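# Observations on chain architecture
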Amino acid sequence: MKMRILAGTCALAAFALSGLSAVADPADDTLVVNGEIQMITHTDKAPDYIDGLSEQYSGWHFREADTRVMQADDFDNPGMLGVEAATEVWNAVDGSEGKACASCHEAPESMAGVRTQMPSFNEAKGEMYTMEMYINECRAERMGAEAWDWDSSDMVNMTALISSVSRGMPMNVAVDGPAQSYWEKGKEMYYTRYGQLELACSNCHEDNYGNFIRADHLSQGQINGFPVYRLKDAKLSSIHNRFKGCIRDTRGETFKPGSPELIALELYVASRGNGLSVEGPSVRN
Amino acid sequence: MKRQIVLGLALSALAAPAMGATAPSAVSFAEGAVAGSLTGTAGNPEEGMKVISDRGLGNCVACHVISAMPDVAFQGNVGPTLDGAADRWSEQQLRGIVADAKKTFDGTIMPSFYKNEGYIRPGDAFTGKAAEGELAPLLTAQQIEDVVAYLLTLKE
C-alpha cells in the first residue's frame, strides 16, 4: 500500500516536471515470477519478417510499478484465481462421454509449450485454430460436452490455466506454410486505418509505443500476456476481447470474437511477439 | 434499402450544418490551409478551450500538451506540444489543420475533424456497431472555428 502511494506520487511529479519524456519510456525493469520463472519481456531484435519493430517489449513494461509487482507473485496476481477455477474444471467429468480434460491429458502441466504455438493450423480441420477452438473441439467432439462461448469465464479461465504452464517459454507461432495466408491477412488488418478516427493498430502500437494517449501509456500491443487480468474490469480478458475494444476505440465497427478476421489478426500479432515469454495470466490496468 | 435511405435523410437533416456553414465536402484546401471562416461567425476561444479538453469532443489533449491548460489532467504526447502554435501557423493554416490535418501532414495519425466520408468500417460513435446513415463530422463547423480562435491565443 505504501509502495503504491509512493509510486503514484512519483509518476505524477515526473509528469508535471518533465513534460513527459522521463515517464514516457518503457520501465527499465526485469520480471521474475515467484522468484523462479525468468521472463523475457524485452528483446533487442524483432523477427526479420516484422518490418516495423526493431526491439520487442511486453506490455508489462508500460504499466505502473504497483501493477508490475502484482504479476511477480502468484499470490498477488488476481488472474491466478481463474487458473485455480479452471484446474477444478480440468479434473471434472462433463458431457455424454463421461470424460474430463484430465482423462486424456493427465495433469495441466502436460500442456507446457502449447500456448507458445497458438494460434496454429489444424491439419485435420484445414483451418487456423486458436486455443479457444482447440478447447471447444475437445469438449464437443471428445467429451460430448457443450462448447463454451469465446468470452465466457469457463473459457477465459481455461486459456489462463493452459497459458500458465508455459510461462517463461518464448512465443513461437509458425507463420509459413498453411499459416502464411492467414498471416498476410492479419498483417493487412494491422495496418488498416479503421473507424472515423482512422487509426490502425500500427498508429498506436508501432509508431507510438512509449508515448501517452491521454492517460494511457501505449505499449506494443503484444499478446504474450494473455489472457490478461484487467484491474479496471476486475476480470480476465481474452485476446479477441482486447482487439474488439481497440477497434471500437477508433470509432469503428468492430469484429466479433472468434470471427475469421480476428483469428487472422491474432496470428499476425502473436508473430510480432515471437521471442517474448508467455506471461498469461498477466496483470494490466 | 428504402428504409435506410429514409433514415439517411433523417439523420442528415439532424446533422445539417447551421445556416450558412460550409458542408465538409465543400471545404476547399489550398496547400492544407482553409482561407475563409466555415460559418461566418467569429470563433469563441472559451468554447474552443472546452472542445480541446473535453474527452467527448475534440479531446486534442489526448495527443497534445498545452501548458496554458494546467488544470487539464493527463495530456498526451503523441503529437507535438501546441504551445506557440499561433507563432508557427496562420489562422488559415490552423483552420486547415483542425479541419483535416492529413491535407497538411501526409498520412498523419491526427484525425480529420471536419470530414464525414471515406472511412473504413465507421462505427456508431464508440458503440462498436456499424454507423448507419450519413455521418456527422467529429466537430461542427462552429466548433472548428472556436478551436481555431483558441489556438490563435497560443503565442510564446
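Here the structure is a predicted model, which means the values were calculated and not measured.

### Details of the overall build of chain A
When you go through chain A residue by residue, the secondary structure sums to 11 helices and 11 strands. A globule of 285 residues ought to have a C-alpha radius of gyration of about 19 Å, and chain A, at 19 Å, matches this closely. Its C-alpha atoms give chain A principal-axis dimensions of about 65 × 45 × 35 Å. Total accessible area on chain A is roughly 12,700 Å²; 52% of this is exposed by carbon and sulfur atoms. Distance between charge centres in chain A, computed from 25 positive and 41 negative side chains, equals 6 Å.

### Quick word on the overall build of chain B
Assigned secondary structure in chain B consists of 5 helices and 0 strands. Going from the N terminus to the C terminus, chain B shows its helices and strands as α-α-α-α-α. Of the contacts formed within chain B by residues at least 6 apart in sequence, a portion of 56% connects residues at least 24 apart. Summed over its atoms, the accessible surface of chain B is roughly 8,400 Å², and 58% of this surface lies on carbon and sulfur atoms.

### A closer look at the nonpolar core
Within the largest apolar cluster, 37 residues are counted, with the highest numbers of intra-cluster contacts made by Leu-38, Ile-52, Ile-66, Met-69, Tyr-114, Ile-144 and Leu-151 of chain B. Secondary-structure elements contributing two or more residues to this core are helix H2 (45-53), helix H4 (91-99) and helix H5 (141-151) of chain B. Among the elements that line this core, the one with the most residues is H5 of chain B, at 6 residues. Residues Ile-50, Met-189, Ile-263 and Val-269 of chain A belong to the second largest nonpolar core, which totals 30 residues.

### Observations concerning the interface of chain B and chain A
Contacts between the two partners involve 37 residues from chain B and, on the opposite side, 27 residues from chain A. With both chains or domains summed, chain B and chain A bury close to 2,700 Å², and 55% of this area falls on carbon and sulfur atoms. Among the residues of chain B in contact with chain A, Asn-77, Arg-121 and Phe-126 of chain B are the three that bury the most area, contributing 26% of the side total. The tally of links from chain B across to chain A stands at 3 salt bridges. Among the salt bridges present, the one from Glu-198 of chain A reaches Lys-115 of chain B, with a minimum N-O distance of 3.0 Å. Applying the counting rule to chain B against chain A returns 16 residue pairs in polar contact (both at pLDDT 80 or more). Among the residues forming the side of chain B that touches chain A, the class breakdown is 20 nonpolar, 12 polar and 5 charged.

### Some remarks on empty space enclosed by the protein
Residue and element names in this part refer to chain A. Scanning the model with the defined rule gives 1 cavity of 30 Å³ or more in all. Taken as a whole, the largest cavity spans an internal volume of roughly 90 Å³. Going through the elements one at a time, helix H6 (131-143) and helix H7 (153-164) are the ones with two or more residues in the lining of the largest cavity. When grouped by side-chain class, the residues that make up the lining of the largest cavity number 5 nonpolar, 3 polar and 3 charged. Two domains each donate at least three residues to the lining of the largest cavity, and these are domain 1 (22-76 + 170-284) and domain 2 (79-164).

### A word on the packing of aromatic side chains
Residue and element names in this part refer to chain A. Taken as a whole and judged by the stated rule, the model has 11 aromatic pairs over all chains. Between Tyr-194 and Phe-255 the ring centres are 5.8 Å apart and the planes differ by 75°, which places this aromatic pair in the edge-to-face class. Within this pair, whereas Tyr-194 is found in the loop between helix H8 (180-190) and helix H9 (201-205), its partner Phe-255 is found in the loop between helix H10 (239-248) and helix H11 (260-272), the two being separated by 61 residues in sequence. Assessed through its relative accessible area of 7%, Tyr-194 is described here as buried.

### With respect to the UniProt feature "domain: Cytochrome c" (unreviewed entry) in chain B
Mapped onto this numbering, the UniProt entry annotates "domain: Cytochrome c" (unreviewed entry) at residues 43-155 of chain B. The straight-line gap between the two end C-alpha atoms of residues 43-155 of chain B is 17 Å; of that span, 29% is helix and 0% is strand.

### As for the pattern of salt bridges
In total, this model carries 17 salt bridges over all chains according to the counting rule given. Two residues, Arg-68 of chain A and Asp-29 of chain A, come together in a salt bridge whose shortest N-O distance is 3.0 Å. Residue Arg-68 of chain A is located in helix H3 (residues 65-70), and its partner Asp-29 of chain A is located in the loop between helix H2 (21-24) and strand S1 (32-33); the two are separated by 39 residues in the primary sequence. With a shortest N-O distance of 2.6 Å, Arg-95 of chain B and Glu-91 of chain B are connected by a salt bridge. Placement of both Arg-95 of chain B and Glu-91 of chain B in helix H4 is noted, with a separation of 4 residues, approximately one turn of the helix. Through salt bridges with shared partners, a single ionic network connects Glu-198 of chain A together with Lys-102 and Lys-115 of chain B.

### Here's the deal with the environment of Thr-153 of chain B
With respect to the helices, strands and loops of the structure, Thr-153 of chain B is situated in the segment after H5. Expressed as a C-alpha distance, the spacing of Thr-153 of chain B and Arg-55 of chain B, which sit 98 residues apart in the sequence, is 21 Å.

### Some points on the packing of helix H4 (residues 80-91) of chain A against H7 of chain A
All names here are of chain A. Running from N to C, H4 and H7 point in directions that differ by 95°, and their axes come no closer than 8 Å. On the basis of the axis angle, H4 is roughly perpendicular to H7. Only Asp-154, Asn-157, Met-158, Ala-160, Leu-161 and Ser-164 of H7 make contact with H4, whose side of the interface consists of Gly-82, Val-83, Ala-85, Ala-86, Thr-87, Val-89 and Trp-90. Residue classes in the contact of H4 with H7 are distributed as 8 nonpolar, 4 polar and 1 charged.

### Some thoughts on H10 of chain A
Residues lying three or four places apart along an α-helix face the same way, a consequence of the helix completing one turn every 3.6 residues. Among all positions of H10 of chain A, only Ile-239, His-240, Phe-243, Gly-245 and Ile-247 of chain A are buried. Taken together, the buried residues of H10 of chain A touch strand S10 (235-237) and H11 of chain A.

Cut-offs applied
- Residues numbered from 1 in each chain as written.
- Chains lettered and ligands numbered in written order.
- Predicted model: local features only at pLDDT ≥ 70, side-chain atom pairs only at ≥ 80, totals over all residues.
- Heavy atoms only, no water.
- Helix = DSSP H or I, 4+ residues; strand = E, 2+ residues; numbered from the N terminus.
- Rg over C-alpha atoms; globule rule 2.2 N^0.38 Å.
- Areas by Shrake-Rupley, 256 points an atom, 1.4 Å probe, with all protein chains shown as cover.
- Lys, Arg positive; Asp, Glu negative; His and termini not counted.
- Charge placed at Lys NZ, Arg CZ, Asp CG, Glu CD.
- Contact = heavy atoms within 4.5 Å.
- Core = buried A, V, L, I, M, F, W, Y, C linked by side-chain atoms within 4.5 Å.
- Buried < 20%, exposed > 50% of the residue type's maximum accessible area, 1.4 Å probe, protein only.
- Buried area = accessible area lost by both parts, 1.4 Å probe.
- Salt bridge = Lys/Arg side-chain N within 4 Å of Asp/Glu carboxyl O.
- Polar contact = N/O pair within 3.5 Å; in protein donor to acceptor, adjacent residues only side chain to side chain.
- Nonpolar A, V, L, I, M, F, W, Y, C, P; charged D, E, K, R; others polar.
- 1 Å grid on protein atoms, 1.4 Å probe; cavity = no way out; pocket = protein on both sides within 12 Å on 5 of 7 lines; lining within 4 Å.
- Points joined across faces, edges and corners; volume = space filled by probe spheres on them.
- Domains from an automatic or database assignment.
- Phe/Tyr/Trp six-rings, centres within 6.5 Å; stacked < 30°, edge-to-face > 60°.
- UniProt positions renumbered as here; feature names shortened; annotations may be inferred.
- Axes fitted to C-alpha atoms, helices over the stretch in contact; angles between N-to-C directions.
- Parallel < 35°, antiparallel > 145°, perpendicular 65-115°, else oblique.

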